Amino acid sequence: MAGGLPKLCKLVSPTEDLHFVQADWHGCPKHATQPRNNAAFWRKKFAANQVRDRLVTRALRRANWRVLRIWEHELARKNEARLLRRIRRAQAPRPTQRGA
């Protein structure tokens, strides 16, 4: 991550230290499925992607970024109000740290 944000940043709020990630279906705890063709390849690939995502999230948080992972199904119109609440909560001012 030296020199800036990792390549995996999908959307960064221009005025906040908030990093949005639109995650694909493969890691969604609610909708993930495993392809039947070439199953071993896909299991390995998805596992590696999830490890990478955790590492990127940790690195961003260590750099004092707030990370909001948005799953593909959350972009549906029926989920709009819930998603907007999540974004507003993520953008809320952080409590000030004592001694800072």
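About the criteria used
Residues numbered from 1 in each chain as written. Predicted model: local features only at pLDDT ≥ 70, side-chain atom pairs only at ≥ 80, totals over all residues. Heavy atoms only, no water. Buried < 20%, exposed > 50% of the residue type's maximum accessible area, 1.4 Å probe, protein only. Helix = DSSP H or I, 4+ residues; strand = E, 2+ residues; numbered from the N terminus. Patch = residues over 30% accessible without salt bridge, like charges linked within 9 Å, V, L, I, M, F, W, Y side chains within 5 Å. Areas by Shrake-Rupley, 256 points an atom, 1.4 Å probe, with all protein chains shown as cover. Salt bridge = Lys/Arg side-chain N within 4 Å of Asp/Glu carboxyl O. Lys, Arg positive; Asp, Glu negative; His and termini not counted. Charge placed at Lys NZ, Arg CZ, Asp CG, Glu CD.

### Some remarks on unusual backbone geometry
Alright, step 1. One non-glycine residue, asparagine 38, lies in the positive phi region at around 55 degrees.
Alright, step 2. With relative accessibility at 52%, the residue asparagine 38 sits in the exposed group.
Alright, step 3. Despite not being glycine, asparagine 64 shows a phi value in the positive range, around 70 degrees.
Alright, step 4. With respect to the helices and strands, the residue asparagine 64 is situated in the loop between α1 (39-62) and β3 (66-71).
Alright, step 5. Judged by relative accessible area, asparagine 64 falls into the partly exposed class, the value being 46%.

### Concerning a positive patch on the surface
Alright, step 1. Residues Lys30, Lys78, Arg82, Arg85, Arg88 and Arg89 make up a contiguous surface patch of positive charge.
Alright, step 2. Along the polypeptide, lysine 30 turns up in the loop between β2 (18-23) and α1.
Alright, step 3. Here lysine 30 falls in the exposed class, since its relative accessible area comes to 63%.

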